Amino acid sequence: MNHWDVVVIGAGAAGMMCALQAGYRGKRVLLIDHVKRPGKKILMSGGGRCNFTNMATAPGHFFSRNPHFTISALKRYTPNDFVEMVERHGIEPIEKAPGQLFCADSSQPIVDMLLTECQWAGVELRLSTSIEHVDVSDDGVTLSSATGQVLADKLVVATGGLSIPTLGATGFAYDVARKYGLEIITPRPALVPLTLDMPWKERMSALSGVSTPTVVQCREGRYRDATLLTHRGLSGPAILQASSHWQGGDEVHINWLPDVNDLFATLKGVRQDAPKRTLGGWLGEHLPKRLAQSMEEWLGLSGVMADYSNQRLEALADQITDFTIKPAGTEGWRTAEVTIGGIDTRAVSSKSFAVQGRPRLHFIGEALDVTGQLGGFNFQWAWASGYACAQAL
Ligand code: FDA
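What you see is a predicted model, and the numbers here were worked out from it, not measured in a lab.

1. Section: the sheet that holds strand β3 (residues 51–54)
In sheet architecture, strand pairing relies on hydrogen bonds along the backbone and comes in two forms, parallel and antiparallel. If you walk across this open sheet you meet the three strands as β3-β6-β5, and the pairing is antiparallel. At either end of the open sheet lies a strand with only one pairing partner, and these are β3 and β5 (94–97). Sheet twist, expressed as the average angle between the axes of neighbouring strands with direction ignored, equals 40°. With three bridges connecting them, β3 and strand β6 (residues 100–102) associate as antiparallel partners. Note that in β6 the partner of Thr 53 across the bridge is Leu 101.

The structure is reproduced here in structure tokens:
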């Protein structure tokens, strides 16, 4: 049989969810991927334990030029719906941080669950298959691959964004979208470590592996979480979150002591109570030792607390709580967890995910200009958009 009700291209999170839901609705579904293994990003995700949803999912956790686009799908398929499927397959969700649900040991059970559901729903999976030509007309869909033509009533493109090409990422969805007149919001790597130029690259490199609680701000994004220093620059959840706002030339502001309410007042108190203490010694009690030692050098600290004027203490408090650095760039597509930007959703239905004026063509998942914050939101978008689209096929 070479004529399908639905062909889904991309056997990742969104594509598998869409295929299985369409299968359960009685559709004959073919799911195609160009790699040998489905769900590679699921396997890599969450440090190998897949942060598969976030119970606090709401439209406010997503970036998009079209902020209302996510509302309908997120309402129709909620984190609880996914948790219900996960638990039905005997997978116990582990809440590692408030609302963030992970697998206990490995992401593999999530891929196994989706493949099992696809099988139960009668979905045919065709791996190692590249589509060379796509034609969507009023009469139907024709796809050409090296092994011949595939015909379908509906096409769902679920090939994701550009992050991590070694996991199979391509710009396929953007090419198809452009062909049918959709605009692409320039894709940028996001949830990605930031790199530094000399001398900060060398300074941070010497502290590689140090992680500390911070508040990091870039443009309008402000995140309270850990910053990790690496041999290339800055990483850790607070920096990854801030990277989604970062654009070439932007500064990033780091508060290294987010738990100290008013650092200037605190330091004046230390000077009064312990005038012979060193500021470096005090920092060593509030920051990881290696970071405190380096900070002594960066800030040019010497002498004891009694030597510092109010003006100098105020300036130092500012430097510590509003440490300003201009990253050289990001680590790019090689390590970015997601793509910010993508297919402009203003020409896509938020109910059916069909392209306006071309009802046989649908786009779902990360290929669209919808990007979640860190914490399981991106997978919830993949599940929700896949589910919602399937209801309209
Ligand atoms: P996805 O990228 O999953 O799938 C696309 C599929 O299309 C792939 O199977 C690919 O091979 C296929 N494809 C691409 N081009 C093709 C072509 N030309 N022809 C045929 N097939 C093609 N999110 C989250 O919520 N929690 C987390 O813990 C993490 N962790 C994480 C870690 C790492 C290292 C990465 C890279 C990403 C994450 N994410 C995440 C993000 C999450 O993985 C991502 O948002 C979803 O996988 C997106 O789902 P999609 O199905 O849209 O694309």
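2. Here's the deal with the side chain of Gln 380
With respect to the helices, strands and loops of the structure, Gln 380 is situated in helix α13 (residues 377–390). Not counting chain neighbours up to four residues away, the residues in contact with Gln 380 comprise Phe 52, Thr 53, Thr 57, Tyr 77, Thr 78, Pro 79 and Phe 82.

3. A closer look at the pairing of strand β10 (residues 148–157)
Relative to β10, strand β1 (residues 3–9) is paired through six bridges, and the arrangement is parallel. Counted as the bridge partner of Val 7 is Leu 155 from β10. Note: strand β9 (residues 141–145) against β10, five bridges, orientation antiparallel. Within β10, the position partnered with Ser 145 by the bridge is Gly 148. The hairpin formed by β9 and β10 contains two residues between the paired strands.

4. Structural notes on the site of the ligand
Neighbouring residues of the ligand: 29 residues in total, closest Ala 14, Asp 33, Thr 170, Glu 366 and Phe 379. Asn 51 is positioned with one of its backbone polar atoms (N or O) 2.9 Å from a nitrogen atom of the ligand. Asn 378 has a polar backbone atom sitting 3.4 Å from an oxygen atom of the ligand. Considering the ligand on its own, with 1,000 Å² of exposed area, one finds that the protein chains cover 93% of that surface. Those elements giving two or more residues to the shell around the ligand turn out to be α1 (13–24), α2 (40–48) and α13. Of all the elements, α13 adds the most residues to the shell around the ligand, at four residues. Split by residue class, the shell around the ligand holds 12 nonpolar, 13 polar and four charged.

5. Describing the nonpolar core
In terms of nonpolar packing, the biggest core is built from 80 residues, with Val 7, Ile 42, Ile 110, Leu 155, Ile 343, Phe 363 and Trp 383 touching the most fellow members. In terms of residue count, the dominant contributor to this core is α13 (nine residues). Not counting residues up to four positions away in its chain, the partners in contact with Trp 383 are Ala 13, Met 17, Ile 42, Phe 52, Tyr 77, Phe 82, Ile 110 and Leu 114.

6. Looking at the sheet that holds strand β18 (residues 329–330)
With respect to topology, seven strands assemble into an open sheet ordered β17-β16-β13-β14-β15-β12-β18, the strand pairing being antiparallel. Each edge of the open sheet is held by one strand with a lone partner, namely β17 (323–325) and β18. As paired strands, strand β13 (residues 211–218) and strand β16 (residues 252–255) are joined by three bridges and run antiparallel to one another. Bridge pairing in β16 places Val 215 opposite Asn 255.

Definitions and limits used
- Residues numbered from 1 in each chain as written.
- Predicted model: local features only at pLDDT ≥ 70, side-chain atom pairs only at ≥ 80, totals over all residues.
- Heavy atoms only, no water.
- Pairing = 2+ DSSP bridges.
- Helix = DSSP H or I, 4+ residues; strand = E, 2+ residues; numbered from the N terminus.
- Axes fitted to C-alpha atoms, helices over the stretch in contact; angles between N-to-C directions.
- Contact = heavy atoms within 4.5 Å.
- Near = heavy atom within 4 Å.
- Polar contact = N/O pair within 3.5 Å; in protein donor to acceptor, adjacent residues only side chain to side chain.
- Areas by Shrake-Rupley, 256 points an atom, 1.4 Å probe, with all protein chains shown as cover.
- Nonpolar A, V, L, I, M, F, W, Y, C, P; charged D, E, K, R; others polar.
- Core = buried A, V, L, I, M, F, W, Y, C linked by side-chain atoms within 4.5 Å.
- Buried < 20%, exposed > 50% of the residue type's maximum accessible area, 1.4 Å probe, protein only.

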